[in-house]
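Overview (structure and organization)
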Amino acid sequence: MLSNNLNTKKKPEEEELRHILEIEHGEEKQTVHLKDRNYSIGRHPTNAIVIASQQVSRTHAILLRKGYANENISFLLIDGDLQGRKSNNGIFINGKKIHEHELKHGDLIQIGTDVKANYYIYHVSVSLKTKTHNNDSLRCKLFLEEETEVKGYDEICEKELNYPNLRRLASFADLSPNPIVEINQNGEITYQNLAANKKFPNLHKRKLFHPLFKDLSLEPINIHGNVSKKEITIEKEVFEQYIHYLAEDKLIRLYIFDITEHKLSKKKLEYQAHYDLQTGLPNRAYFNERLSKTIQLAKKHHKKMAVMFLDLDRFKKINDTLGHKAGDSLLKNFAKRFKSSLPKNGFVARWGGDEFTVLLTEIENIEEASKIARRILQEVKKPFEIEGQAFYVTSSIGIAIYPENGKEVDTLIKNADSALYLAKRNGRNNYRFYSPSIQVKSSESLKLENSLHTALENQEFLLYYQPQMNLKTKEICGFEALLRWNHPEKGLISPNRFIPIAEDTGLIIPIGEWILKTACNQMLTWQKAAFPFGKISVNISARQFQQSNFVVKIAEILKETNFNPEYLELEITETTVIENVDYVIKTLKQLLRLGVSISMDDFGTGYSSLSYLKKFPFHTIKIDRSFVNDLKDNSKDQEIISAVIAIGHCLKMKVIAEGVETIDQRELLHSLNCDEIQGYWLSKPLPPEDVPSFFLNFPEKLKNYNHKVIPMDLIRQKKNHAQDFK
Ligand code: C2E
Ligand code: MG
Ligand code: MG
């Protein structure tokens, strides 16, 4: 065994570094001692180093010396000639193609396809005899020491080395900071440098069982340069191992590089490039990459897939009220819950902010995507506990299906986003599939949104009033104020189209105030004219109700308009009361104290939990018109209405049915003991100036109805005041 202390023993007085290039082309071998400023390497005889191979270009490469002092010298290998022409077959260093490379000890060079070269640096004493051979070629003498009988400098055994020995010994680089190990074909370790000793102290003990040699073939492999490369992991460290088979010597040399740090930082960079650090979910870039690959697979195998776009409803509000820390924590918990609610074929990413995207691969049909969307909505709706408090968030989802709604990444995402827009417009906490008409609707909504900003100051809003009748007394007992937008170009626009936009933009707050003031003032005008009806009902949107100063605002308006609160009824929907129940009960109680009444609008369309009725102090339940639409004897709707009426009465609430269009519906509701009705049968919503004539014609309406007619002279008296009506 050779010792490792070549460089630790006393150095000879004159010692220098030698740069050796060994070139092998078939049977031909040449060893060049590099010392000149430059060498050209190539097939043509004018080159400094000539290689007679057809695979080598006329001038294949240039070697340039860098530095002057012996220690500072290094050689730069450049592909091609000095005029910048590249070689035909290129240069590979340790298996990697290069254009320019500063040679390092142990480098394995491949020139063209059939020429190999090794580059070594080693110490040599210039005081020792050296014999030159073939001009540039070198045959040199090296020091050899046997581990067993360490010899002093003076006793150094001087041997003239033949070519194979030179090649072998010149690579014994104890100076190398990287481990180098040599074994023979019997699997015995024939050499290990100092770095290998340090890094793998039990190498000798474990011999071939050491993980370094795992899967190592002792037979020379038949590849170019007889060099192969592999990566090995030993405990937590990762190494890159270059395996050099020296067929003639029946030796295998392993050059080992610790790449753990490199791997870790690469892994970290890769993670950062692909994942969102806050939620740990894949990021937008990763999603796009995955989607693009999945589209290709879906195309090939003719499969369907779905892209979902999900957005948290009102996340901004939570963030603003609770602060960013709680907001972040909510997002993190949300992401976790969201991910676990997905099936195996679901891939979720954070798109940014409170937006998430999902990729559902290989779905059978659209129903599968709906099922998953419903499951997600259900899961994320459950309360989140943050800083000891329970929070409820709902989400909206837009879905685009491949290939129907798009065949490319951008189109699918854009269309899922448009569908999400619609889901939000349609009242949140739901999902929507993309349909081509959405596109039109979305841009239309955008235009509406723009003109909505100026609608209030341009006085484009007006209120229509729809009468309500008491079925027992046959009297007009109230009017519902319904908002209309008289758009300068589009004419009258339905509130169903613009109220969701007003909610989203927050414009509903000033618009809502205007509605309340206008309705109260209108009612005062009618009251002054002594019109025979009770209350004015005003619709309150969820966003208005959730305003922290909502009750104060109502009180201010009542004071400002000098309106008696007992004539004001506020209509709120089930979706308004479903969130934050404690806050709702508190607010409702405060409103009761103010003296206003509360009506539960569109009852039966939302969550419809009868237990809410018991919890909340409503005065009125408004049965949604969808139950009245097809109302027939013995129908299911009749049973539902009958049950709601019974419960309402039991809880001392008044029950009013919306959307009564026919006499039959009116009759049936009467017989079911419904208190009041509202609908086209009685009257469509009217501009205020049409209300007096409604009253005039009302008795006509009741002609064949066993009713109590309002005295005609009273109506006539009202008619005289018609000019007061606005
Ligand atoms: P809503 O509060 O349930 O109002 C009743 C809706 O049913 C009104 O639609 C009314 O015109 C319509 N309607 C009444 N009787 C019948 C009938 O017999 N048949 C049919 N097919 N429809 C009938 P409108 O005015 O388009 O309002 C739609 C919704 O917009 C309202 O539903 C309400 O949720 C909202 N809205 C209307 N005005 C306001 C407002 O001032 N503020 C707020 N926040 N929302 C409003
Ligand atoms: Mg209403
Ligand atoms: Mg309604």
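To be clear, the structure that these remarks concern was listed above.
Thresholds applied
Residues numbered from 1 in each chain as written. Chains lettered and ligands numbered in written order. Predicted model: local features only at pLDDT ≥ 70, side-chain atom pairs only at ≥ 80, totals over all residues. Heavy atoms only, no water. Helix = DSSP H or I, 4+ residues; strand = E, 2+ residues; numbered from the N terminus. Buried < 20%, exposed > 50% of the residue type's maximum accessible area, 1.4 Å probe, protein only. Contact = heavy atoms within 4.5 Å. Areas by Shrake-Rupley, 256 points an atom, 1.4 Å probe, with all protein chains shown as cover. Donors = N, O, S within 2.8 Å, 3.2 Å for Na, K, Ca; no water. Pairing = 2+ DSSP bridges. Axes fitted to C-alpha atoms, helices over the stretch in contact; angles between N-to-C directions. Parallel < 35°, antiparallel > 145°, perpendicular 65-115°, else oblique. Left-handed = near helix turned anticlockwise from the far one by under 90°. Nonpolar A, V, L, I, M, F, W, Y, C, P; charged D, E, K, R; others polar.

What follows concerns the overall build of the chain. The number of helices and strands found in the chain is 22 helices and 36 strands. Put simply, the chain has 726 residues, and 50% of those count as buried. When contacts within the chain are restricted to residue pairs at least 6 apart in sequence, long-range pairs at least 24 apart make up 60% of them. As presented, the chain carries roughly 36700 Å² of accessible surface, and 49% of it is formed by carbon and sulfur atoms.

Attention shifts here to the coordination of the magnesium ion (ligand 3). Bound to the magnesium ion (ligand 3) on the protein side are Asp601 (OD), Asp602 (OD), Glu658 (OE) and Glu658 (OE), at distances that span 1.9 to 2.7 Å. Positions of the donor residues of the magnesium ion (ligand 3), expressed as sequence spacing, correspond to D-D-x55-E. In this model, the magnesium ion (ligand 3) sits 3.9 Å from the magnesium ion (ligand 2), the two metals being bridged by aspartate 601. You can see aspartate 601 sitting in strand E33 (residues 597-603) and its partner glutamate 658 sitting in the loop between strand E35 (654-657) and helix H20 (663-671), a full 57 residues away along the chain. Each member of the pair aspartate 601 and glutamate 658 is classed as buried.

In this section: the sheet that holds strand E5 (residues 61-66). Spatial ordering of the open sheet is given by E4-E3-E5-E6-E9, a layout of five strands whose pairing is mixed. With one partner strand each, in any of the chains shown, strand E4 (49-50) and strand E9 (100-102) form the two edges of the open sheet. In this sheet, strand E6 (residues 74-79) lies alongside E5 in antiparallel orientation, the contact comprising six bridges. The partner of leucine 63 across the bridge, within E6, is leucine 77.

The subject of this paragraph is the sheet that holds strand E27 (residues 431-433). With mixed pairing, the five strands of this open sheet are ordered in space as E22-E23-E21-E26-E27. With one partner strand each, in any of the chains shown, strand E22 (346-352) and E27 form the two edges of the open sheet. Geometrically, the sheet is characterised by an average inter-axis angle of 20° between neighbouring strands, direction not taken into account. As defined by bridge partners, strand E26 (residues 395-402) adjoins E27 across three bridges and the pair is classed as parallel. When the bridges of E27 are listed, isoleucine 399 appears paired with phenylalanine 433. Where helix H8 (residues 366-381) meets the sheet, it contacts strand E21 (304-312), strand E23 (355-363), E26 and E27, and its direction lies at approximately 160° from that of E26.

Moving on, we get to the coordination of the magnesium ion (ligand 2). Within the protein, Glu480 (OE), Asn539 (OD1), Glu571 (OE) and Asp601 (OD) serve as the donor atoms for the magnesium ion (ligand 2), at 2.0 to 2.2 Å. Sequence spacing of the donors to the magnesium ion (ligand 2): E-x58-N-x31-E-x29-D. Residue classification places aspartate 601 among the buried positions, given a relative accessible area of 5%.

Here we take up the packing of helix H5 (residues 284-301) against helix H9 (residues 409-425). Where H5 contacts H9, the two axes come as close as 10 Å, and the packing angle between them is 115°. As summarised for this structure, H5 and H9 are arranged roughly perpendicular, according to the angle between their axes. As H5 packs across H9, the resulting crossing turns out to be right-handed. Along the contact surface, H5 presents Phe287, Asn288, Leu291, Ser292 and Ile295, while H9 presents Val409, Leu412 and Ile413. Tallied by class, the residues present in the contact of H5 with H9 amount to six nonpolar, two polar and no charged.

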